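Residues per chain are reported as follows:
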Amino acid sequence: MAPRRDPELRPTQLGATGPAGPLATAGPQPGEPSNPWPAMFALVLGFFVIMIDTTIVSVATPALMADLDAGVTDVVWVTSAYLLAYAVPLLITGRLGDRVGPKWMYLSGLAVFTLSSLWCGLSADIQMLIVARIFQGLGAAMMVPQTMAIITRTFPPERRGKATSLWGAVAGIAGLIGPILGGVLIDSVGWQWIFFVNLPIGVVGLVLAWLLVPSLETHSHRFDVVGVVLSAIGMFALVFGIQEGSNLDWDYRAWLLIIGGLVVMAAFVGWQAKGAAEPLMPLKLFTDRNFSLANIAITAVGVVMVGFQLPFMLYAQTVRGLGPTEAALLTAPMAITSMVFAPIVGRLVDTRHPRYLAGFGMLTSAIGLFWMAAAMRPDAPVWQILLPVTVYGLGNSFIFAPIGVSANRNLPMALAGAGSGVFNNSRQVGAVLGSAGIAALMTARLGADLPQLAGHAGADPMALGGAGRLPTQLLDGFSSAMAQSLVLPAVVMLAGFVSVLFLTTPRHLRSR
């Protein structure tokens, strides 16, 4: 009996055609390299520096406040500006990569990112730094969709898992070691070097990408101007409303932005379905079940990666009284575990069902987060913190590659950029939601567990985090608030675990 065939997205369903008819997903197209690994390693450098930058600033808040004479809200905007500029254009830049070529879009983005990193390090005041971070985010948004698109277009399906596992390992490891690197640089040479460190990596990445990344075939799509405008306005309003909700006291202004953003995004979806001749986000992408489920899962991962950092770092610095480097070193087991197990996952991802690998990773990460929340007490021995951190890192090493492979395995070449843009947009939107959600939850739990701080400036968790170790009488309440806040990313990771259980069997595994 022939094996049952799961529903899948075929190139002909999306109208993707190449020089000789419908584009297939099995193997490189004409003009693409027979050995795509050199190009892959060149892309990894640029992707690594971007992922580092999403977390490296988190440990610099007190140093920025002191050196630039800035308030807490101003310093939060250093991260928010980058996050907004990164998230809003992702759908657009993914589609632009299809049109002008992913290599040239990637090189342009890396140049913008590298130059704006120099600008960040030279900033003399907080306003200049915020503007420079906007350009950094724009450069990142130009680059990231191209990495997944080039993987999809240069690796055949049966080899794509190993390539995506490298991409996933870089994403996971960079996100985990970013705070460690940031702490070391801040303590040794100053906060400016968390940006200057990007310069040599960016220059080397530009040279290698120019030499090694192939100029792939472009696709002459009509540009969906209405879709661009609707997606940009909707994403900006939604992200800005969520990110600034606590600063606006969650009054009518915040809700108008959020609801208005959702309405505009609904109009964008309607336009993509009915009005756009060649949509910016082809909705038929979501007829592939694996693509839809992988986007749900990566959104959960985005929530968790950002949502975990803030309460954990505040606990380490404010409750335990650790400096930036010492606090960041508590996350070292996550990076080490990821580096050890990521190559193993890379060998497994092409021969094992992604639901088992990603399912194990997401469930293990959720267990690590729940365990971490239980261990976060003022007097907890360090080893009791490091054990769940290690478990969380083990889970992370099994997540990125299986999800990335599942999202892109069935996509036709002509839509590789669009699919990659949607996938990366999902992760970034998750990061925004995680940042906003965890800040709101921490504020609520601090109000409940430390009622003596209500109405006091110290009730702001960011202000408390920058004030050094708390008085002894406040340690228990603050620890409890941070631990309870950590339950949110743990629950979100469990939701992601449920989603990956429904991934379908890849075609190359069905005959086994």
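Quantities reported herein were computed from a predicted structural model and do not represent experimental measurements.

### As for the pattern of salt bridges
Point 1. Considering all chains together, one arrives at four salt bridges under this definition.
Point 2. When the shortest N-O distance is used, the salt bridge between Arg-133 and Asp-53 registers 2.9 Å. One end of the pair, Arg-133, is in helix H6 (residues 126–154); the other, Asp-53, is in helix H1 (residues 37–53), and 80 residues separate them in sequence. Grouping residues by exposure puts Arg-133 and Asp-53 together as buried.
Point 3. A salt bridge links Arg-445 to Asp-449; the shortest N-O distance between them is 3.6 Å. With Arg-445 and Asp-449 both in helix H18 (residues 416–449) and four residues apart, the pair spans about one turn of that helix.
Point 4. Take Arg-445: its relative accessible area is 27%, and that puts it in the partly exposed class.

### Observations regarding the packing of helix H15 (residues 354–375) against helix H16 (residues 382–397)
Point 1. At a closest axis distance of 7 Å, the pairing of H15 and H16 adopts a crossing angle of 165 degrees. One way to sum up the angle between H15 and H16 is to call them roughly antiparallel. Note that H15 runs across H16; the crossing there is left-handed. Contacts between H15 and H16 involve Phe-360, Gly-361, Thr-364, Ser-365, Gly-368, Leu-369, Trp-371, Met-372 and Ala-375 on the former and, on the latter, Gln-384, Ile-385, Leu-387, Pro-388, Val-389, Val-391, Tyr-392, Leu-394, Gly-395 and Asn-396.

### Details of the packing of aromatic side chains
Point 1. The full count for this structure, using the stated rule, is eleven aromatic pairs.
Point 2. With 5.6 Å between their ring centres and 75 degrees between their planes, Trp-104 and Trp-210 make a pair best called edge-to-face. With Trp-104 in helix H5 (residues 102–122) and Trp-210 in helix H9 (residues 198–212), this residue pair connects regions lying 106 residues apart in the sequence.
Point 3. Taking the relative accessible area as the measure of exposure, Trp-104 reaches 38% and is therefore partly exposed.

### Here's the deal with the side chain of Ser-231
Point 1. Summarising the element assignment, Ser-231 is placed in helix H10 (residues 225–244).
Point 2. For Ser-231, the contacting residues outside a window of four places in its chain are Leu-91, Ile-92, Met-265, Phe-268 and Leu-280.

The rules behind the values
- Residues numbered from 1 in each chain as written.
- Predicted model: local features only at pLDDT ≥ 70, side-chain atom pairs only at ≥ 80, totals over all residues.
- Heavy atoms only, no water.
- Salt bridge = Lys/Arg side-chain N within 4 Å of Asp/Glu carboxyl O.
- Helix = DSSP H or I, 4+ residues; strand = E, 2+ residues; numbered from the N terminus.
- Buried < 20%, exposed > 50% of the residue type's maximum accessible area, 1.4 Å probe, protein only.
- Axes fitted to C-alpha atoms, helices over the stretch in contact; angles between N-to-C directions.
- Parallel < 35°, antiparallel > 145°, perpendicular 65-115°, else oblique.
- Left-handed = near helix turned anticlockwise from the far one by under 90°.
- Contact = heavy atoms within 4.5 Å.
- Phe/Tyr/Trp six-rings, centres within 6.5 Å; stacked < 30°, edge-to-face > 60°.

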